[in-house]
Amino acid sequence: VLSRVKDHGLLHTAGFIGGKWADVASDKSTFEVRNPATGAVIATMPRMRADETRAAIAAAHAVLPQWRLRPAKERAAVLRRWHDLIQEHKADIAAIMTLECGKPTAEALGEIASGAASVDWFAGEAVRVCGDVLEPPTRDRRMLVLKQPVGVVGAITPWNFPMSMITRKVAPALAAGCTVVLKPAELTPLTAVALAELAERAGLPDGCLNIVMGDAAAIDMFYTGHELVSSDTVRKLGFTGSTAVGRLLASGAGNTVKRISLELGGNAPVIVFEDADVELAAKGIVASALRNAGQTCICANRVFVHDKVYGKVAEAVTSLTAKLKVGDGSETGVTIGPLITPAALEKVTGHVADAVSKGAKLLFGGAKPELPQPLAGGNFFVPTVIAEATIDMRCFKEETFGPLIPLFRFQSDEEAVLLANTTEYGLAAYFYTRDLARAWRVAEELEFGMIGLNEVAITSEVAPFGGVKASGLGREQSKYGLAEFLDIKYVCMGLG
Ligand code: ADP
């Protein structure tokens, strides 16, 4: 099944520790990676545990003095070569990504472009790290601020962006002079190993980027996740995933007082005010809600539409949704791939059934599509639009993480902002208006880390990505994302 990949050197069924491919776990156990479009097994990987994680941490620690002391310009050059190799191999990486996570090829290529852009951007930032010289209160001393790499970094990433969640952690870490132990999601480890292979070819020294894989569960202390959290050597943990796991990691990290960044769940609102450009809003809603079949943490999850434009918006959203094509993401023209697992399919099915039982109107979709073999074994769901959604429904309270667009109604600005903020999450929020005063007011009142005003494509390597409330801590991408990997050291020089 991986025959579409031309460069076979990218296909390791192994972790990567201290520059060596580790294809057998210490207890020889394995796990399987499946294609979510068919359910077929595409690879068998070593199920690593604490031993391997400790070895990876030791390898990252051993090379740290050498890597951090390399001139930033040289670290930047390695990152640039990595970026160039990623670009050269984008067709292969896209094939791997679509096979293991299901997203359509065009979306895979989009993710690769954005991941590569992070690598390039942090290569640029590496040489711009600088401290401060402070004005001292007395003349007998000088006061300086140095910025130094935090040390060994643990990175734990999810399956929905098998590449870009990695690059936005690994690139700034390496740029800052840190070394990394990465634990990619068990569902999508193949993209991660392909990236490591390219990093090695780019000249990244052995041990600077290590990969361990296998179950992460923290309850059993022999697993990878627990080891990364409890290690004293790991000085920073970067995590993207569910809020439940983020909470566990945050409390675990307290024991070793390590720095953490957490990018957790979202429950993004879109507000369409009565003065909005309806066509633009409808396009934005569909693009945001259905990206990666609804499986991103910034996907529009709740759409609030002003009474006066409700009918028009519902019609435009339904007609755009009806044009989408569900199928195997590697086929040309497919715009909606499968959901990642049967459990994900169950969740969206449950949300639709719950909404309909509470009075929502099904405008489009609502079921599994009829697809020919071998796709019958895939986790497909027709993108779905429902009207007259209300706040007692699960789709208001929970992140659906599937292709569902629920349309809620509102009458006033105050009501819209209140509805939008009524969630424990605070990652991304979007709204559509042409009124400048309303734009400012609403942007300030929404309790979210990122706001899209008349725009849903907000992710960029130059802008801070992250949330407030139960959506997380810290920021990725941008100069703020680099700062997360740098410690501040104050030096006071007495002049005698
Ligand atoms: P998702 O719902 O996106 O799969 P998870 O939070 O379950 O989110 O998974 C995100 C990442 O966190 C994956 O790499 C997963 O293996 C890892 N993970 C899951 N449970 C734990 C845990 N208890 N400790 C550490 N990492 C974990």
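Notes on the structure follow.

**Considering the overall build of the protein chain**
Okay, step 1: Helix and strand counts for the protein chain stand at 15 helices and 22 strands.
Okay, step 2: Its C-alpha radius of gyration of 23 Å places the protein chain within 12% of the 23 Å reference for a compact globule of 496 residues.
Okay, step 3: C-alpha atoms of the protein chain, sized along the principal axes, occupy 75 × 60 × 40 Å.
Okay, step 4: Burial status across the protein chain gives 57% buried among its 496 residues.

**Here's the deal with empty space enclosed by the protein**
Okay, step 1: In this structure the tally under the stated criterion is three cavities of 30 Å³ or more.
Okay, step 2: Put simply, the largest cavity is a space of about 60 Å³.
Okay, step 3: Together, G266, G294, T296, C297, C299, A300, N301, E399, T400, F401, G402 and L404 line the largest cavity.
Okay, step 4: Tallied by class, residues from the lining of the largest cavity come to five nonpolar, six polar and one charged.

**Thoughts on the layout of surface pockets**
If a probe as big as a water molecule is rolled over the atoms, it shows which places are left empty.
Okay, step 1: When its volume is computed, the largest pocket comes out at roughly 990 Å³.
Okay, step 2: Listed by contribution, the elements that provide at least two residues to the lining of the largest pocket are helix 7 (224-230), strand 10 (234-240), helix 8 (243-255) and helix 11 (342-357).
Okay, step 3: Take the lining of the largest pocket: its biggest share by element is six residues, from helix 8.
Okay, step 4: Split by residue class, the lining of the largest pocket holds 22 nonpolar, 11 polar and 10 charged.
Okay, step 5: Looking at the second largest pocket, its volume works out to about 380 Å³.
Okay, step 6: Here the lining of the second largest pocket is built from residues that sort into eight nonpolar, six polar and six charged.

**Quick notes on the packing of helix 3 (residues 90-101) against helix 6 (residues 189-201)**
Okay, step 1: Two elements in contact, helix 3 and helix 6, have axes separated by 8 Å at closest approach and are oriented at 160°. Our classification of the angle between helix 3 and helix 6 gives roughly antiparallel. Every residue of helix 6 that contacts helix 3 at I93, I96, M97 and E100 is listed here: P189, L190, T191, A194 and L198.
Okay, step 2: Class assignment for the residues of the contact of helix 3 with helix 6 results in seven nonpolar, one polar and one charged.

**Some details on the pattern of salt bridges**
Okay, step 1: This structure, assessed with the given rule, holds 27 salt bridges.
Okay, step 2: Of the charged contacts, one joins E186 and K183 as a salt bridge, the two residues approaching to 2.7 Å between their closest N and O atoms.
Okay, step 3: K183 sits in the buried class, given a relative accessible area of 2%.
Okay, step 4: For D275, the salt bridge identified is with R438, shortest N-O distance 3.0 Å. Residue D275 is found in the loop between strand 12 (268-272) and helix 9 (278-290), and its partner R438 is found in helix 14 (residues 436-445); the two are separated by 163 residues along the sequence.
Okay, step 5: Judged by relative accessible area, which is 22%, D275 ranks as partly exposed.
Okay, step 6: Among the charged side chains, a network of salt bridges with common partners joins E274, D275, D413, R438 and R441.

**Overview of the packing of aromatic side chains**
Okay, step 1: Within the structure shown, the criterion is met by eight aromatic pairs.
Okay, step 2: Aromatic pair W121 and F122: ring centres 5.4 Å apart, planes at 90°, arrangement edge-to-face.
Okay, step 3: You can call F122 buried: its relative accessible area is 0%.
Okay, step 4: Relative to F408, the ring of F396 lies with its centre 5.7 Å away and its plane at 65°, an arrangement referred to as edge-to-face. Of the two residues, F396 is situated in helix 12 (residues 394-397) and F408 in strand 16 (residues 404-410); the sequence distance between them amounts to 12 residues. In terms of burial, F396 and F408 fall into one category: buried.
Okay, step 5: The side chain of K236 reaches across the aromatic face of F485, ending 4.8 Å from its centre.

**Focus: the sheet that holds strand 12**
Two strands in a sheet stick together by hydrogen bonds in their backbones, pointing the same way (parallel) or opposite ways (antiparallel).
Okay, step 1: A sheet is described by the order of its strands in space; here seven strands give the open sequence 14-15-16-13-12-18-19, paired in mixed fashion. Only two strands of the sheet have a single neighbouring strand rather than two, namely strand 14 (361-364) and strand 19 (450-453). Direction aside, the axes of adjacent strands within the sheet are offset by 20° on average.
Okay, step 2: Bridge analysis of strand 18 (residues 428-432) against strand 19 gives four bridges, and the strand direction is parallel. Note on strand 19: the bridge partner recorded for A429 is I451.
Okay, step 3: Packed on one face of the sheet, helix 11 meets strand 14, strand 15 (384-389) and strand 16 and runs near 35° to strand 16.
Okay, step 4: Sheet strands in contact with helix 14 are strand 18 and strand 19, and its direction is about 165° off that of strand 18.

**Details of the side chain of N301**
Okay, step 1: If you trace the backbone, N301 turns up in strand 13 (residues 300-306).
Okay, step 2: Setting aside chain neighbours within four positions, we find N301 in contact with N267, A268, C395, E398, E399, T400, F401 and P406.

**A look at the pairing of strand 4 (residues 41-46)**
Okay, step 1: As paired elements, strand 3 (residues 30-34) and strand 4 share five bridges and run antiparallel to each other. Along strand 4, the bridge assignment pairs F31 with M45.
Okay, step 2: Between strand 3 and strand 4, which pair antiparallel one after the other, the connecting turn spans six residues, and G39 there sits at a positive phi close to 85°.

**A word on unusual backbone geometry**
Okay, step 1: The step from Q373 to P374 runs through a cis peptide bond, and the omega angle for that step is 5°.
Okay, step 2: The backbone phi angle of E388 is positive, close to 60°, even though this residue is not glycine.
Okay, step 3: Here E388 is to be found in strand 15.
Okay, step 4: Here the phi dihedral of Q477 falls at roughly 65°; this positive angle occurs in a residue that is not glycine.
Okay, step 5: Assignment of secondary structure puts Q477 in the loop between strand 21 (472-473) and helix 15 (478-483).
Okay, step 6: Owing to a relative accessible area of 3%, Q477 belongs among the buried residues under this scheme.

Calculation criteria
- Residues numbered from 1 in each chain as written.
- Predicted model: local features only at pLDDT ≥ 70, side-chain atom pairs only at ≥ 80, totals over all residues.
- Heavy atoms only, no water.
- Helix = DSSP H or I, 4+ residues; strand = E, 2+ residues; numbered from the N terminus.
- Rg over C-alpha atoms; globule rule 2.2 N^0.38 Å.
- Buried < 20%, exposed > 50% of the residue type's maximum accessible area, 1.4 Å probe, protein only.
- 1 Å grid on protein atoms, 1.4 Å probe; cavity = no way out; pocket = protein on both sides within 12 Å on 5 of 7 lines; lining within 4 Å.
- Points joined across faces, edges and corners; volume = space filled by probe spheres on them.
- Nonpolar A, V, L, I, M, F, W, Y, C, P; charged D, E, K, R; others polar.
- Axes fitted to C-alpha atoms, helices over the stretch in contact; angles between N-to-C directions.
- Parallel < 35°, antiparallel > 145°, perpendicular 65-115°, else oblique.
- Contact = heavy atoms within 4.5 Å.
- Salt bridge = Lys/Arg side-chain N within 4 Å of Asp/Glu carboxyl O.
- Phe/Tyr/Trp six-rings, centres within 6.5 Å; stacked < 30°, edge-to-face > 60°.
- Lys NZ or Arg CZ within 6 Å of the ring centre and 35° of its normal.
- Pairing = 2+ DSSP bridges.

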